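Read off the chains here:
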Amino acid sequence: MSTARIHPSILSADFANLAGELRRIHTADAVHVDVMDNHFVPNLTLGKPVVEALQKASELPLDVHLMIEDVDRWAPEYAQVGVDSVTFHVEASSAPIRLARELRAAGAKSSMALRPATPIEPYLDMLGELDMLLLMTVEPGFGGQKFLDLVLPKIRRARAAIGGSGKPIALQVDGGISRDTILRAAEAGADVFVAGSAVYAAPEPSVEIDVLRNLALGGHHSA
Ligand code: DX5
Ligand code: ZN
């Protein structure tokens with residue numbers, strides 16, 4: 001891949017000190033914010049008031065990943081906060097095309113996520129409605145899980161379809177991305193990489209972000 005963007009997930013950050021945790025990732029390309037409602041996934045994190053506060057505090061763009069039910073109702077409200085992109089799960093949406101258009105109309109990039117077992121093929125005709133496609137590489141819900149290699153063929157098929165569409169659609173992977181797995185995901189065609197535990201468990205998160213980016217680009221790390 002000629003580009004590799006790293007979006008650290010603040011799910012692995014210290015929630016009592018989010019402003020400080022943002023400063024530790026200043027080398028990132030955007031901040032990934034995981035919203036979970038304890039219904040779509042068996043975990044509860046944060047909601048719109050915290051996203052609004054992060055939007056004010058962050059110098060980096062916010063990439064909001066909604067793991068919530070009733071997403072057709074709620075996702076446009078997150079777009080109206082002014083975040084850079086809003087990702088909804090297709091499994092939680094009853095009208096994904098309408099929702100993608102509403103996100104763009106509200107000024108956000110539209111992004112759609114698929115759980116590991118959800119196939120890409122039924123959605124290929126709507127790729128043009130999206131600015132980003134997120135292929136989950138773990139079952140959503142928790143940080144620190146193991147990367148699922150079984151998603152790699154789907155990443156390849158999605159990359160081929162994006163190439164065929166001629167549109168500049170970003171291809172994001174989320175879950176288990178680390179020094180050990182990022183090159184596999186990049187070689188399959190991903191160009192945006194979410195990393196939570198790998199970044200925040202590192203002694204210097206800002207340096208780890210650069211290491212991961214270099215590895216995704218096919219380089220090596222000396223750290
Ligand atoms: C999981 C979240 C991820 C999570 C990734 O459901 O969507 O963004 O923070 O964490 P790691 O990188 O530790 O797998
Ligand atoms: Zn996420």
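Calculation notes
Residues numbered from 1 in each chain as written. Chains lettered and ligands numbered in written order. Predicted model: local features only at pLDDT ≥ 70, side-chain atom pairs only at ≥ 80, totals over all residues. Heavy atoms only, no water. UniProt positions renumbered as here; feature names shortened; annotations may be inferred. Helix = DSSP H or I, 4+ residues; strand = E, 2+ residues; numbered from the N terminus. Buried < 20%, exposed > 50% of the residue type's maximum accessible area, 1.4 Å probe, protein only. 1 Å grid on protein atoms, 1.4 Å probe; cavity = no way out; pocket = protein on both sides within 12 Å on 5 of 7 lines; lining within 4 Å. Points joined across faces, edges and corners; volume = space filled by probe spheres on them. Nonpolar A, V, L, I, M, F, W, Y, C, P; charged D, E, K, R; others polar. Pairing = 2+ DSSP bridges. Contact = heavy atoms within 4.5 Å. Polar contact = N/O pair within 3.5 Å; in protein donor to acceptor, adjacent residues only side chain to side chain. Donors = N, O, S within 2.8 Å, 3.2 Å for Na, K, Ca; no water. Tetrahedral: all angles 85-135°; square planar, octahedral: opposite > 155°, others 65-115°. Core = buried A, V, L, I, M, F, W, Y, C linked by side-chain atoms within 4.5 Å. Axes fitted to C-alpha atoms, helices over the stretch in contact; angles between N-to-C directions. Arc of directions from axis to C-beta.

- As recorded in an unreviewed UniProt entry, the chain goes by Ribulose-phosphate 3-epimerase and comes from Glutamicibacter uratoxydans.
- The Pathway (unreviewed entry) comment attached to the chain in UniProt states, word for word, "Carbohydrate degradation."
- In the Catalytic activity (unreviewed entry) part of its UniProt record, the chain is described as follows: "D-ribulose 5-phosphate = D-xylulose 5-phosphate".

1. Re unusual backbone geometry
Working step 1: Not every positive phi belongs to a glycine, and N38 is a case in point at roughly 65°.
Working step 2: Looking at where N38 falls in the secondary structure, it is placed in the loop between β2 (31–36) and α2 (48–57).
Working step 3: On the accessibility criterion, N38 (44% relative accessible area) is partly exposed.
Working step 4: Even without being a glycine, D70 presents a positive backbone phi close to 55°.

2. A look at empty space enclosed by the protein
Working step 1: According to the stated counting rule, one finds one cavity of 30 Å³ or more in the structure shown.
Working step 2: By volume, the largest cavity amounts to about 220 Å³.
Working step 3: Lining the largest cavity are 24 residues, and of these F142, G143, G144, D174 and G175 sit closest to its centre.
Working step 4: Of all the secondary structure elements, the ones that give two or more residues to the lining of the largest cavity are β2, β3 (62–67), β8 (192–195) and α7 (197–200).
Working step 5: When its residues are assigned to classes, the lining of the largest cavity shows eleven nonpolar, eleven polar and two charged.

3. Description of the pairing of strand β5 (residues 109–114)
Working step 1: The buried fraction of β5 is high, at five of six residues.
Working step 2: With five bridges connecting them, strand β4 (residues 85–89) and β5 associate as parallel partners. Within the sheet, the bridge partner assigned to S85 lies in β5 and is K109.
Working step 3: By the bridge criterion, four bridges tie β5 to strand β6 (residues 132–136) in an arrangement that is parallel.

4. Considerations on the UniProt feature "active site" (unreviewed entry) in the chain
Working step 1: Under the feature "active site" (unreviewed entry), the UniProt entry names D34 and D174. Across 141 residues, the annotated set stays spatially compact, with a maximum C-alpha separation of 10.6 Å. Within the annotated group, the residues that form the lining of the largest cavity are D34 and D174.
Working step 2: By the element assignment, D34 lies in strand β2.
Working step 3: Taking relative accessible area as the criterion, D34 reaches 5% and is therefore assigned buried.
Working step 4: Excluding anything up to four places from it in sequence, D34 contacts S9, L11, T45, L46, H65, M67 and D174.
Working step 5: Only 2.9 Å separates the side chain of D34 from the side chain of H32, close enough to count as a polar contact.
Working step 6: Looking at the element boundaries, D174 is found in strand β7 (residues 170–174).
Working step 7: Look at D174 and you get buried, because its relative accessible area is 9%.

5. As for the coordination of the zinc ion (ligand 2)
Reference values for coordination geometry: four tetrahedral donors around a metal ideally subtend 109.5 degrees, six octahedral donors ideally subtend 90 or 180 degrees.
Working step 1: Those donors, H32 (NE2), D34 (OD), H65 (ND1) and D174 (OD), are the protein atoms that reach the zinc ion (ligand 2), and they lie 2.1 to 2.3 Å from it.
Working step 2: Bound by six donor atoms, the zinc ion (ligand 2) shows angles of 72 to 172° at the metal and therefore octahedral coordination geometry.

6. A word on the nonpolar core
Working step 1: If you look at the biggest cluster of nonpolar residues, it comprises 71 residues, and the most contacted ones within it are V51 and F193.
Working step 2: Leaving out residues up to four positions away in the same chain, F193 has contacts with A4, R5, I6, H7, V173, I177, I182, A185, A186 and A216.

7. A short note on the sheet that holds β7
Working step 1: Pairing is parallel in the open sheet, where eight strands are placed in the order β1-β8-β7-β6-β5-β4-β3-β2. Among the strands making up the open sheet, the edge pair consists of β1 (5–8) and β2. When the angles between neighbouring strand axes are averaged without regard to direction, this sheet yields 25°.
Working step 2: Relative to β1, helix α8 (residues 205–216) is tilted by about 140°, and along the sheet it contacts β1 and β8.

8. Concerning helix α4 (residues 96–105)
Working step 1: Regarding α4, the residues found buried are P96, L99, A100 and L103. An end-on view of α4 places all buried positions within 100° of arc, on one side of the element. In α4, the exposed positions angled more than 90 degrees off the buried face are occupied by R98 and A105.
Working step 2: Next to the buried residues of α4 lie α3 (71–80), β4 and β5.
Working step 3: The first or second residue beyond α4 is G107, which carries a positive phi of 95°.

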